[in-house]
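Summary of structural features
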Number of protein chains: 2
Amino acid sequence: MRSVLTGPDLAVAAHYGMMQYHMGWLDENLAPISVPTGKRIRPLLCLLACGAAGGSPESATPAAAGLELLHNFSLIHDDIEDDSATRRHRPTVWKLFGLPLACNAGDGMFSLAHTAFFGLERNDMRADQVLAALRIFNQTCVALTEGQYMDMSFEGLDHVSVPEYFAMIAGKTGALLAATTEIGAVVASAPPEVVAEYRQFGAALGRAFQLRDDILGIWGDEALTGKSAASDILSKKKSLPVLYAMADANVGPQLTRLYAGDLFQATDVPVVLSLLDQAGARAYVEAEVDKTTAEAREALAGVAPQSDAAYLAALGELLDMLAARFS
Amino acid sequence: MRSVLTGPDLAVAAHYGMMQYHMGWLDENLAPISVPTGKRIRPLLCLLACGAAGGSPESATPAAAGLELLHNFSLIHDDIEDDSATRRHRPTVWKLFGLPLACNAGDGMFSLAHTAFFGLERNDMRADQVLAALRIFNQTCVALTEGQYMDMSFEGLDHVSVPEYFAMIAGKTGALLAATTEIGAVVASAPPEVVAEYRQFGAALGRAFQLRDDILGIWGDEALTGKSAASDILSKKKSLPVLYAMADANVGPQLTRLYAGDLFQATDVPVVLSLLDQAGARAYVEAEVDKTTAEAREALAGVAPQSDAAYLAALGELLDMLAARFS
């Protein structure tokens, strides 16, 4: 990733510097530092899937870098679109360097995410394989922007259905995670039906990951998540527990009225928590996590005969860790 | 382009609707209309270059569409970054739909520009050719964002040199125009040395195009350009005539002081025009247009033996038209 995110000359040094700041490699004055850089789940999934599908994980490194850069591009632009001032306890790129330069730095990272994929050619991959990986990557980019559109459009709607929610997260979170394992399998030259199972695994893992996120956003332990307790309630986020409870015949109308009103007071939080409790929202989402985790495990079992057992086990462990995480 | 810019379902209809609005296909309420849509120079150059290099122009249609979509993506984001409220006499996308949705719609069009390129596969192109076209396209995306960074960073600088200016337009305007003819030749399966000449032609044409733009921005006829006379002076744009005059030993210091001060009054315009005149700025830029037009013509002459005469002549005519245009 560092080789891709390095500018050709001094005239554009700060353009690349903003991207490196976002990655946690530079400080606010664009001097080298080292800060927490996010979980790097996406490249890890890609490398493990490549190894599990019978390839050499190193051969997938360029694709893994491209997927992580795409994720980080989307964070730079999401922070602009959501008006977020901080990320990982640091000012966001737009907050620090201004919106025009940050928007363009995001576009730069979007372009460089594609550039990373051309590194696959250096690893002796056939042109049709590189092209297949790029095609999946491109469909992922399109799905990401559709998911982001849906997410933003939900904010202005009084009513969002549970199926609409699942369509949104399929784009915003699921598409990229599905692409990590699918592309890993493509790089490993796995046959199409095996590639499809790896994609299924990534998609289900992505869903479980997002649903766990929704649970942590409401019931997470502040000391572990690093976000304030019930942060998703205070920001009136229409996450799955809330949408499920809004569809409940008993508590739905009251909850919907609360969310349609002005900003919450901190004193409203216990009321919302109580309504979610009466609707059984947490139990419902936990059951959905279990269901989708089982689907992911099934996809893994389906490819076990054609896969490397050690890498496959590592994918299973990563799934369990992400689905049951506390932060 | 229309097939690429059509959404999969109703949930994202407005996301694609914003892109179609920008293209001039929909009105502010996302109902069908037809308004002037820009010059479509980029796809035209790509198709003509493909024909001239011995290919069938239709085979390059997906690439031509991708190049025009990339151009339009960059306009949507440039309008955000430059805080521009109108384009082609209509409200810009961000002005109409808000910055968050517009930024994301731009990302969507950026993604779909890549999607268009995969249409080359349907035209029976070999995977390595499609990949070669995509690689050029990717380098173009990177160069575009570098050029836009330089352009924005120039606004905050008191001193920009003429070489820095040429580096900026090479990214912001030149890279995309160079890619149109280079990709056209690649799609035509031209040999590498011929492809390189076609790229040279596009790059020189792009430079001539931008320099003419700089001339029109100061001395253009308001009735023909549709912009107010001397619009680039009023917006204090550091275009080549201004930078050239700033480097002039006699008028440079006074001009630099004027541009470093507060916003101009309309009464300052004649002063600036007089300083540019004393420095011979217009004659200098006109000579640069002639020089770069000659370079472009030389590139065309270099590939004449391997090219289709009729398409080559059309490229030459387009060059003359763009270098000498009045609007």
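Our subject is the structure listed above.
Heads up: these notes are all about the structure in this document. (Residues numbered from 1 in each chain as written. Chains lettered and ligands numbered in written order. Predicted model: local features only at pLDDT ≥ 70, side-chain atom pairs only at ≥ 80, totals over all residues. Heavy atoms only, no water.)

**Comments concerning the overall build of chain A**
Note the following rule: Numbering of helices and strands starts at the N terminus; helices are DSSP runs of H or I of at least 4 residues and strands are runs of E of at least 2. C-alpha atoms define the radius of gyration, and 2.2 Å times the number of residues to the power 0.38 defines the globule rule. Partly exposed describes any residue whose relative accessible area lies between the buried limit of under 20% and the exposed limit of over 50%, with all areas from a 1.4 Å probe on protein chains only and scaled to the type maximum. Throughout, a residue-residue contact means that at least one pair of heavy atoms, one from each residue, lies within 4.5 Å. Working definition of accessibility: Shrake-Rupley area with a 1.4 Å probe, residue cover restricted to the visible protein chains.
When its secondary structure is counted, chain A shows 16 helices and two strands. In terms of overall size, chain A behaves like a compact globule, its C-alpha atoms giving a radius of gyration of 21 Å where 327 residues would be expected to give roughly 20 Å. Its C-alpha atoms give chain A principal-axis dimensions of roughly 60 × 55 × 30 Å. Evaluated residue by residue, chain A yields a buried proportion of 56% over its 327 residues. Sequence separation of at least 24 residues holds for 69% of the intrachain contacts in chain A that already meet a minimum separation of 6. Carbon together with sulfur atoms contributes 55% to the accessible area of chain A, which is approximately 13300 Å² in total.

**Concerning the relation of the copies chain A and chain B**
Worth spelling out the cut-off: Superposing the copies works by least squares over the C-alpha atoms of residues that have pLDDT at least 70 in both of them.
Here chain A sits on chain B after a turn of 180 degrees about the axis and a move of 0.0 Å along it, with an RMSD of 0.0 Å. Look at the turn and shift together and you get a two-fold axis relating the two. In terms of C-alpha distance to the rotation axis, chain A has A127(A) as its closest residue, with the C-alpha 2.8 Å off the axis. When the interface residues of chain A are mapped onto chain B, 100% of them are again interface residues, pointing to one common binding face.

**Observations concerning the nonpolar core**
For clarity, the threshold we go by: The criterion is simple. A nonpolar core is a set of buried Ala, Val, Leu, Ile, Met, Phe, Trp, Tyr and Cys residues joined through side-chain atoms within 4.5 Å.
Grouped together as the largest cluster of nonpolar side chains are 219 residues, with contacts concentrated most on I183(A), Y198(A), I183(B) and Y198(B). Apart from the residues lying within four places of it in its own chain, the contact partners of I183(A) are A63(A), L67(A), F117(A), A133(A), I136(A) and F137(A).

**Section: the pattern of salt bridges**
Using the following cut-off: Whenever a carboxyl oxygen of Asp or Glu lies within 4 Å of a side-chain nitrogen of Lys or Arg, that contact is scored as a salt bridge.
Under the defined criterion, the tally for this structure stands at 24 salt bridges over all chains. Here K172(A) and D78(A) are joined by a salt bridge, their closest N and O atoms 3.7 Å apart. Highlighted residues: K172(A) in helix α8 (residues 162–187) and D78(A) in helix α3 (residues 61–81), separated in sequence by 94 residues. In this structure K172(A) comes out as partly exposed when scored by relative accessible area, which is 23%. Residues E286(B) and R282(B) are paired through a salt bridge, measuring 3.7 Å at the closest nitrogen-oxygen approach. In this pair, E286(B) and R282(B) are both assigned in helix α15 (residues 281–303), four residues apart and thus about one turn of the helix distant. Look at the salt bridges and you will find they share partners, linking D78(A), D151(A) and K172(A) into a network.

**Some words on the side chain of S239(A)**
Residues and elements named next belong to chain A. For S239, the location among the structural elements is in the loop between α11 (231–234) and α12 (240–246). Accessibility expressed as a relative area gives 1% for S239, which makes it buried. Every residue in contact with S239, bar those within four places of it in the chain, is listed here: Y165, D214, I218 and D232.

**Describing the environment of G54(B)**
With respect to the element layout, G54(B) can be found in the loop between α2 (41–52) and α3 (61–81). Separated by 195 residues in the primary sequence, G54(B) and A249(B) place their C-alpha atoms 51 Å from one another.

**A short note on helix α13 (residues 252–260) of chain A**
In an α-helix there are 3.6 residues to a turn, and that puts residues three or four apart on one side. Test applied: The arc in question is the one traced by the directions running from the helix axis out to the C-beta atoms.
The complete set of buried residues in α13(A) reads G252(A), L255(A) and Y259(A). In a view along the axis of α13(A), the buried residues occupy a sector of 70 degrees, so they form one face of it.

**With respect to the packing of α3(A) against helix α5 (residues 99–117) of chain A**
If you want to describe how two helices pack, look at the angle between their axes and the distance between the axes. Residue and element names in this part refer to chain A. Applicable threshold: All axes here are fitted lines through C-alpha atoms, helices being fitted over the stretch that makes contact, and every angle between N-to-C directions spans 0 to 180 degrees. Orientation categories follow fixed angle ranges, with anything under 35 degrees roughly parallel, anything over 145 roughly antiparallel, 65 to 115 roughly perpendicular, and all other angles oblique. Crossing handedness: left-handed means the near helix sits turned counterclockwise from the far one by under a right angle, and right-handed means the same turn made clockwise. Each residue receives one of three labels: charged for Asp, Glu, Lys and Arg, nonpolar for Ala, Val, Leu, Ile, Met, Phe, Trp, Tyr, Cys and Pro, and polar for the others, Gly being one of them.
Where α3 contacts α5, the two axes come as close as 8 Å, and the packing angle between them is 165 degrees. By the angle class used here, α3 and α5 are roughly antiparallel. Here α3 runs over α5; the crossing is left-handed. Contacts between α3 and α5 involve P62, A63, A65, G66, L67, L69, L70, N72, F73, I76, H77 and I80 from the former and L99, A102, C103, G106, D107, M109, F110, L112, A113, A116 and F117 from the latter. Split into classes, the residues belonging to the contact of α3 with α5 amount to 18 nonpolar, four polar and one charged.

**Quick word on α3(A)**
Residue and element names in this part refer to chain A. Just so we agree on the cut-off: Under the convention used throughout, the expected extent of a helix is 1.5 Å for every residue step, that is, one less than its residue count.
If you check α3, its first and last C-alpha atoms are 30 Å apart, about what 21 residues at 1.5 Å a residue would give, namely 30 Å. The buried fraction of α3 is high, at 20 of 21 residues. Once α3 finishes, D83 follows within two positions and takes phi at roughly 60 degrees, a positive value.

**A look at the packing of helix α7 (residues 127–155) of chain A against helix α1 (residues 13–23) of chain B**
Direction vectors running N to C along α7(A) and α1(B) enclose 110 degrees, while the axes themselves pass 9 Å from each other. Relative to α1(B), the element α7(A) lies roughly perpendicular. Listed contacts from α1(B) to V142(A), T145(A), E146(A) and Y149(A) of α7(A) are A14(B), H15(B), Y16(B) and M18(B). For the contact of α7(A) with α1(B), a count of residues per class yields five nonpolar, two polar and one charged.

**Some details on the packing of aromatic side chains**
Note the cut-off: To pair, rings of Phe, Tyr and Trp, with the six-membered ring standing in for Trp, must have centres within 6.5 Å; the planes then decide the type, stacked if under 30 degrees apart, edge-to-face if over 60, and tilted in the middle. Comment: the charge-over-ring label is applied if NZ (Lys) or CZ (Arg) is within 6 Å of the ring centre and within 35 degrees of the ring normal.
Enumeration over the complete set of coordinates arrives at 11 aromatic pairs over all chains. Ring centres 5.6 Å apart and planes at 80 degrees place the aromatic pair Y165(B) and F166(B) in the edge-to-face group. Its relative accessible area of 1% is what places Y165(B) among the buried residues. Residues Y244(B) and Y284(B) carry aromatic rings whose centres are separated by 3.9 Å and whose planes lie at 5 degrees to one another, so their mutual orientation is stacked. Of the two residues, Y244(B) is situated in helix α12 (residues 240–246) and Y284(B) in helix α15; the sequence distance between them amounts to 40 residues. Site record: aromatic cluster; members linked through ring pairs are F73(A), F110(A), F73(B) and F110(B). Against the face of W25(A) rests R2(A), its NZ or CZ located 4.3 Å from the ring centre. For R90(B), the ring lying beneath its charged end belongs to Y21(B), and the centroid distance is 4.0 Å.

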